[in-house]
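A look at the structure
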Amino acid sequence: MGQIYEKLKKCFEDVRKRTDFEPKAAIVLGSGLGDYAENIQVEREISYSELEGFPVSTVPGHAGKFIFGYIDGIPVACMKGRVHYYEGYPVSDVVLPIRLLGLMGTRILFLTNAAGGVNTSFHAGDLMLIKDHISVFAPNPLIGPNIDQLGPRFPDMSAVYDRDLQKLIISTAKENRIFLQQGVYAQMTGPSYESPAEIHMLRTLGCDVVGMSTVVEAIAANHMGMKICGVSCISNLAAGMSENPLSHQEVQEAADMAAPNFKKLVTETVRGMKPFLSEDK
Ligand code: HPA
């Protein structure tokens, strides 16, 4: 057994000593969704720091714990806080929580984040359905010996963001009169924001938003065969697109402002996942 899988199994056993909860859907909460737990009937919380070897975030506003509970009867896990590659963790640690959720039973992964708008028609505060991603600027989390227990060596990536879940998010946004952009997310490593020339490059490549998370998580979840969907909250226009220099505080504040719609979209979408979950027991 390789080291990465061994560490994962150890964390899994640690979690199982604390709870036998089996989430069917999991939500990774990005900036602005920090207090999302109020939408959940909470059963159990586990701080990341309780789990030996588990990566713990160093970023303000990303305090880390798992929240297990129910949304409209659906067993869900929420990750409040995630670690980022720029914090210095190996990418295998960055995706460890996602793999752990997979081992616990998660079939659907809902990824959320705050991102910079690259598309010139986007505005701060918009929400965007992630239709696809560009991962070439971040390390691939599957590099190294394949973990055969989790998935295949060369996973197909032609529909990472499940088409039916995309339709569900679009219809949920319409029903709740929530304006929703659609586009492609690019993950950069950070922690510095991009230069204007890099943003120009990303736009030329077909990216609509840019951030420092999500894609490596989607690759690891896709490897394990999870169904994936994602929404970005556009917290700022990317570098060079507005007069102001970028600041973490601005990103946090804009994400907080968009939070009510963001929470509603996530909760109502999860409610709509019921048919997906009964069909693939
Ligand atoms: N760039 C990268 N990551 C981000 C940004 C950005 O402009 N905004 C929020 N996360």
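Look above for the structure.
Heads up: these notes are all about the structure in this document. What you are looking at is a predicted structure, and each value in this text was computed from that prediction instead of being measured. (Residues numbered from 1 in each chain as written. Predicted model: local features only at pLDDT ≥ 70, side-chain atom pairs only at ≥ 80, totals over all residues. Heavy atoms only, no water.)

1. Focus: the packing of helix α1 (residues 3-18) against helix α3 (residues 96-104)
The interhelical angle for the contact between α1 and α3, taken along N-to-C directions, is 60°, at an axis separation of 10 Å. In this view, α1 runs oblique relative to α3, as classed from their interaxial angle. Crossing of α1 over α3 shows right-handed handedness. Along the contact surface, α1 presents I4, K7, L8, C11, F12, V15 and R16, while α3 presents L96, R99, L100, L103 and M104. Split into classes, the residues belonging to the contact of α1 with α3 amount to nine nonpolar, no polar and three charged. (Axes fitted to C-alpha atoms, helices over the stretch in contact; angles between N-to-C directions. Helix = DSSP H or I, 4+ residues; strand = E, 2+ residues; numbered from the N terminus. Parallel < 35°, antiparallel > 145°, perpendicular 65-115°, else oblique. Left-handed = near helix turned anticlockwise from the far one by under 90°. Contact = heavy atoms within 4.5 Å. Nonpolar A, V, L, I, M, F, W, Y, C, P; charged D, E, K, R; others polar.)

2. A word on the packing of aromatic side chains
Aromatic ring pairs are defined here through the distance separating the ring centres and the angle between the ring planes. Under the criterion given, the structure shown has six aromatic pairs. Ring geometry for F21 versus Y70: centroids 5.5 Å apart, planes at 70°, classification edge-to-face. Here the residue F21 occupies a position in the loop between α1 and β1 (25-29), and Y70 occupies one in strand β3 (residues 65-71), the gap between them amounting to 49 residues. Ring geometry for F54 and F66: centres 5.5 Å apart, planes at 70°, overall edge-to-face. Taken together, the positions of F54 in the loop between β2 (41-47) and β3 and F66 in strand β3 put the pair 12 residues apart, joining distant regions of the chain. On the basis of relative accessible area, F66 is assigned to the buried category, the value being 0%. An aromatic cluster of at least three residues, connected via ring pairs, comprises F21, Y48, F54, F66, F68 and Y70. (Phe/Tyr/Trp six-rings, centres within 6.5 Å; stacked < 30°, edge-to-face > 60°. Buried < 20%, exposed > 50% of the residue type's maximum accessible area, 1.4 Å probe, protein only.)

3. Some remarks on the packing of helix α4 (residues 163-175) against helix α7 (residues 248-271)
Between α4 and α7, the shortest axis-to-axis distance is 9 Å and the interhelical angle comes to 125°. In this view, α4 runs oblique relative to α7, as classed from their interaxial angle. Considering the relative orientation of α4 and α7, their crossing is right-handed. On α7, the residues touching L168, I169, T172 and A173 of α4 are L265, E268 and T269. Taken together, the residues of the contact of α4 with α7 break down into four nonpolar, two polar and one charged.

4. Overview of the nonpolar core
Judged by nonpolar contacts, the single largest core of 42 residues is most densely connected at F54, F66, L100 and L109. If sequence neighbours within four positions are ignored, L109 has contacts with A26, V28, I98, E217, A221, M226, K227, I228 and C229. Among the nonpolar cores identified, the runner-up in size contains 34 residues, and F110, L180, C233 and F276 belong to it. (Core = buried A, V, L, I, M, F, W, Y, C linked by side-chain atoms within 4.5 Å.)

5. Things to note about the site of the ligand
Every residue near the ligand is listed here: A114, A115, G116, Y193, E194, V210, G211, M212, S235, N236, L246 and V251. A distance of 2.8 Å is found between a nitrogen atom of the ligand and a side-chain nitrogen or oxygen belonging to E194. Contact between the ligand and N236: a nitrogen atom at 2.7 Å from a side-chain N or O atom of the residue. In the complex, 95% of the free accessible area of the ligand, which totals 260 Å², lies under the protein chains. Secondary structure elements with two or more residues in the shell around the ligand: β5 (108-117), β8 (209-211) and β9 (227-237). For the shell around the ligand, the leading source of residues is β5, giving three residues. Class assignment for the residues of the shell around the ligand results in seven nonpolar, four polar and one charged. (Near = heavy atom within 4 Å. Polar contact = N/O pair within 3.5 Å; in protein donor to acceptor, adjacent residues only side chain to side chain. Areas by Shrake-Rupley, 256 points an atom, 1.4 Å probe, with all protein chains shown as cover.)

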